[in-house]
Each structure stands twice: as structure tokens, then as C-alpha cells.
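# Coordinates in review
Listed below are the residues making up each chain.
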Amino acid sequence: MKTDNGQYIAIASQPNKQITRTVLSNGIVVLVTENPAADIVAARIFVKAGSCREATQQSGLVHLLASVLTKGTQNLSSLEIAEQVESVGASLGTDASADYFLLSLKTVSSDFLEILALAAELLRSPSFPELEVELERRWLMQSIRSQQEQPFTVAFDQLRQAMYQNHPYASSGLGTEATVANLCRDDLIKYHQTYFRPDNLVISITGRITATEAVAAIEKVFGDWQNPTTPLPVLQLPHIEPQPYQINKSQSTQQSIVMLGYLAPSVQQSDYVALKLLSTYLGNGLSSRLFVELREKRGLAYDVSAFYPTRQGIAPFVVYIGTAPENTAIALNGLRTEVELLCTQPLEEYALQAAKNKILGQYALSKQTNAQIAQAYGWYEALGLGIEFDTQFQQQIAAVTATQLQQAACRYFLTPYISIVGPEEAINLS
């Protein structure tokens, strides 16, 4: 529906809540979920550009931008920003991922407009003070060095690089010491000017505020923000040619980390739901298949799990185990066996239902607070899924069959990429 002032409004009814979607004349998408239970308003502001849009030689740029965005504007210093937030007991922070940039805020209803105006100023006119850029850049390089001492991080980094080759997903969001060392204030300014614009923004608000009030507040602080005349750059990602292989790295550690990686569907693909359920079955919690078989029954694991992050592009499906160095080869075989069983043996009905109950229960619990609700619906919109995804995902999980899971496993769980980090004598035997 189009209103007299050029806004487009869609209303979706969900169980126990109503979400209103409005598109402002400058392209900002506003999602509002009314929840008057507590006098709190939470907002999530998504910029639909993350580390996936960094140049390879600028890896870590968006993470650095997130660290510096709150350090000053054309009118406010870092201290003044902090005092404005803390003086009313609000919270405000930033984050960056592969597919989006995020600014989060939470406050009592009466202070919402004030903190929203501050968020708008941060998004629209950050000053990126030179001293703050340099300080955060050095902190970032220290974080990178610290992570290289963690076997799990090293194993995942080399697995990701093997799987994604020259694709942006190959890089850690932190970047590398070499790329971060060369980042400067001008790089931040250029990225900000390119991607921080109204037609690339999603604002999701949940709490004690009506849709009319929320949209009016957004219009007040963002309504005069105009888009540049140049169109948004088109994201052109390289094709990934699967070339599974094993990569080992010796490190003086008390355990070996063994990882298997498979190129898996994006969130837009039909097999996404099946693999999300298989990830839950394999590695989510103390009752998961990997935990029971490899830790409880065989005593191989200090830690064992699976993860399958939601991505706009091809996602990594990863299973891993931390094991005693002398068990490295046995643990590798155990992991491969458990994954390959998914292709040859359909899940029994009780196991399938238990996995469904677990994922749906955790999904419901992840949307209890205003902040969680704002995050969920804003995230769906930023990824191009739409607010209908909330209902669709739950329906599809409930409907998936053991046969469909087995077919999906056979499509994606072929030859794995393998990453092992541990003592040299252990990885040489694997």
C-alpha cells in the first residue's frame, strides 16, 4: 500500500505480534514490532554492506570502521558521545559481519528519539579522528596476533582460505596483519561514502512504540538524507571451483584440532533448511550425534561440534573435534564416518523429531527480548529474505523429511576439505 507521502507500507501478522514494514521516500526500510510489555525500545540499523565488499588488500576495513564509527562526528567527540549514551542509561554499539554492518541501540521509550538522533549522526557524519583510527588499528593488529595463538582459529582460517580461494569469504573479518597495517582514514571515508546511504539501510525497531511513532521518528532524523547520484556498486563475486584437499599446520599445542569443511547452500537456496537441521542433529548440544558418538562413547573429544553459519553466498558447513594429539588420525576418521553416515542411513524418526524440536525451541528462545526481535527481523530484511521468512523457516523445518535430509547430505557432503592443527608428530600421521 502506498501512502500520500510516498511511503510503502506492508503489514505482516505473526503469532502474538504484528510487524509493520514501511519504505521511506529515500529508500530506508523501516520494520516496527510493537511490544508494550516493558518500557524499552531496541533498534537495529543494518547497512547492507559488510566485509564481503572489501577489496582483498583491504581485509579488515569494515571491522576497523565499526570500531571507529562511534569515536567522533562532525559535532561530537568520543567522550561526548559516550556521555550522551550513558547519561540516560542507554546502550549503543556497532558490529560488522561478512554480509552487513550493524549499529545497535537500546533505551527507555522516553529517550528513544534522542538516542536515535545520535545514531543518525554517527551513521551520516562520522569524523574518523586520525588518532582514534590509529589506536583502533593497532588494537586490531594485536587481536589478530592473539588469535594466531589459538589452534581453533588457525584451523578455521586455513580451512576457510582453502574452501573459498579468492572469494571474500576466504578472509577473516579481522583481516591480516599485512592488510590492516596498510589501512588508513581515507579508506574508511571512501567505504563509508560508498555504502552508507539511505537506499542501503534497514532499520528494525521493537518495543513500547507504535508503528506511526517509530516511522515519524525515523523521518525526523533520517528523512532529509538524500542518496548520492551514483548507483550502489554491483557485488560481483568470483566463482568457486571445489577443489577439496587437506592442509596441516604444526603448532605446539596440548591438543589437535581437526576440521572438515563442505561448501553448502546460501540462505536463499532450498537446501538451506535441511542442512540447518543436519547441523543441529550433528553438533548442537550434549545430545548431538557427534558428542554422543565421539566423546561419550569413544572418549576422543575434548570438544566436538558442527556449525553452519547463515550466509548470502555459499556457506561453510563445518564439523570439528579437539582431541589428544595421539588420537588425531582416529578422530579424523571418526568425523568422516559420522558425516558420511548421513548419506547412507536416513535419520530414524525419533532422531529427526528430536532435532526439529531442538532447533525450533532454540529459534523461539532467540526472539524473547526486544533486542532479539529487532535483530531477527532486521536481519531477514537485510539478507533479502523478507519478514515472511520467520514463519516460512519454522514451517519448512517442521515439514522436512528424513529422505530429504539424506538427499541433501548426498548433494553436499562429498569429499571434504580437511584442516588439522596440532603437534608435528601428530599431524604427520593423520
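Computed from a prediction, not measured in an experiment: that's the story for all the values here.

Under the definition given, this model contains 20 aromatic pairs. A ring pair is formed by Phe 156 and Phe 307, whose centres lie 5.4 Å apart and whose planes are at 80 degrees; its orientation type is edge-to-face. Of this pair, Phe 156 sits in helix H5 (residues 151-164) while Phe 307 sits in strand S10 (residues 303-307), and the two are 151 residues apart along the sequence. Phe 156 gets classed as buried once you look at its relative accessible area, which sits at 17%. Judged by relative accessible area, Phe 307 falls into the partly exposed class, the value being 22%. Each member of the aromatic cluster is reached from another via a ring pair, and the members are Tyr 262, Tyr 272, Tyr 308, Phe 317, Tyr 363, Tyr 377, Trp 379, Tyr 380, Phe 389, Phe 393 and Phe 413. Over the aromatic face of Phe 156 sits the side chain of Arg 160, whose NZ or CZ is 4.7 Å from the ring centroid. Directly above the aromatic system of Tyr 169 lies the positively charged group of Arg 311, at a separation of 5.9 Å from the ring centroid.

The terminal C-alpha atoms of H5 lie 20 Å apart, and with 14 residues this matches the ideal 20 Å at 1.5 Å per residue to within 8%. Taken across its 14 residues, H5 has 12 buried, putting it largely inside the fold. When H5 is considered as a whole, its buried residues turn out to be Pro 151, Thr 153, Val 154, Ala 155, Phe 156, Asp 157, Gln 158, Leu 159, Arg 160, Ala 162, Met 163 and Tyr 164. Looking at the packing, one finds that the buried side of H5 touches helix H4 (130-147), strand S8 (246-250), strand S9 (256-264), S10, strand S11 (315-323) and strand S12 (417-422). Of the residues one or two after H5, Gln 165 is the one with positive phi, at around 55 degrees.

Attention now moves to the UniProt feature "domain: Peptidase M16 C-terminal" (unreviewed entry) in the protein. Per the UniProt annotation, the sites labelled "domain: Peptidase M16 C-terminal" (unreviewed entry) are residues 185-358. Helix makes up 41% of residues 185-358 and strand 20%. Its end C-alpha atoms lie 46 Å apart.

All right, on to the UniProt feature "domain: Peptidase M16 N-terminal" (unreviewed entry) in the protein then. Sequence positions flagged by UniProt for "domain: Peptidase M16 N-terminal" (unreviewed entry) are, in local numbering, residues 30-176. Annotated as residues 30-176, this span is 42% helix and 18% strand, and its ends, taken at the C-alpha atoms, are 35 Å apart.

Taken as a whole, the largest pocket spans an internal volume of roughly 750 Å³. What lines the largest pocket is a set of 39 residues, among which Ser 51, Ala 98, Ser 171, Ser 172 and Gly 173 lie closest to the centre. Put simply, the parts of the chain that give the lining of the largest pocket at least two residues each are helix H1 (61-68), strand S5 (91-96) and H5. A per-element tally of the lining of the largest pocket places H5 first, with 5 residues. Tallied by class, residues from the lining of the largest pocket come to 21 nonpolar, 13 polar and 5 charged.

With 66 residues, the main nonpolar core has Leu 275, Leu 282, Phe 317, Val 319, Ile 321, Leu 335 and Phe 413 as its most contacted residues. Examining the composition of this core, we find that 8 residues originate from one element, helix H9 (residues 272-283), more than from any other. Two domains each provide a minimum of three residues to this core, namely domain 1 (19-223) and domain 2 (246-429). Judged by nonpolar contacts, the second largest core, of 55 residues, contains Ile 45, Leu 65, Leu 188 and Phe 222.

The domain boundaries assigned to the protein delineate domain 1 (19-223) and domain 2 (246-429). Placing a centre on the C-alpha atoms of domain 1 and another on those of domain 2 gives a separation of 28 Å. Tallying the contact residues gives 33 residues for domain 1 and 38 residues for domain 2. Linking domain 1 to domain 2 there are 1 salt bridge. At the junction of domain 1 and domain 2, the tally comes to 14 residue pairs in polar contact (both at pLDDT 80 or more). Elements that contribute at least two residues to the side of domain 1 that touches domain 2 include exactly strand S2 (17-23), strand S3 (29-34), strand S4 (40-47), H5 and strand S7 (201-207). The element that contributes the greatest number of residues to the side of domain 1 that touches domain 2 is H5, accounting for 10 residues. Grouping the constituent residues of the side of domain 1 that touches domain 2 by class yields 20 nonpolar, 8 polar and 5 charged.

Scoring rules and cut-offs
- The residue numbering used here restarts from 1 in each chain and proceeds along that chain's sequence as written.
- Predicted model: local features are reported for residues with pLDDT of at least 70 only, side-chain atom pairs are reported and counted for 80 or more only, and whole-chain, interface and lining totals are derived from all residues.
- With hydrogens and water stripped out, all remaining heavy atoms of the structure feed into the side-chain values.
- Ring pairs are drawn from Phe, Tyr and Trp, using the six-membered ring of Trp, whenever the two centres fall within 6.5 Å, and their geometry is named by plane angle: stacked under 30 degrees, edge-to-face over 60, tilted for the rest.
- Numbering goes from the N terminus for both helices and strands, where a helix is a DSSP run of H or I of at least four residues and a strand is a run of E of at least two.
- Accessible area is worked out with a 1.4 Å probe on protein chains only. A residue is then buried under 20% of its type maximum, exposed over 50%, and partly exposed in between.
- Placement of a positive charge over a ring is assigned whenever Lys NZ or Arg CZ falls within 6 Å of the ring centre and within 35 degrees of the normal to the ring plane.
- A helix is expected to span 1.5 Å for every residue after the first.
- The contact rule is simple, with two residues in contact once any of their heavy atoms fall within 4.5 Å.
- UniProt positions are given in the numbering used here, feature names are shortened, and annotations may be inferred rather than shown by experiment.
- Cavities and pockets are defined on a 1 Å grid built over the protein atoms alone: a cavity is a set of grid points where a 1.4 Å probe fits but cannot escape, while a pocket is an open set with protein on both sides within 12 Å along at least five of seven lines, and lining residues are those with an atom within 4 Å of any such point.
- Grid points are joined across faces, edges and corners, and a volume is the space filled by probe spheres set on the points.
- Just so you know the grouping, Ala, Val, Leu, Ile, Met, Phe, Trp, Tyr, Cys and Pro go in nonpolar, Asp, Glu, Lys and Arg go in charged, and all remaining residues, Gly too, go in polar.
- To qualify as a nonpolar core, a set must consist of buried Ala, Val, Leu, Ile, Met, Phe, Trp, Tyr and Cys residues joined through side-chain atoms within 4.5 Å.
- Bear in mind that the domain bounds are from an automatic or database domain assignment.
- By definition, a salt bridge exists where a carboxyl oxygen of Asp or Glu is found within 4 Å of a side-chain nitrogen of Lys or Arg.
- Polar contacts here mean pairs of N or O atoms no more than 3.5 Å apart (in protein, one a potential hydrogen donor and the other a potential acceptor; neighbouring residues in sequence count only if both atoms are side-chain atoms).

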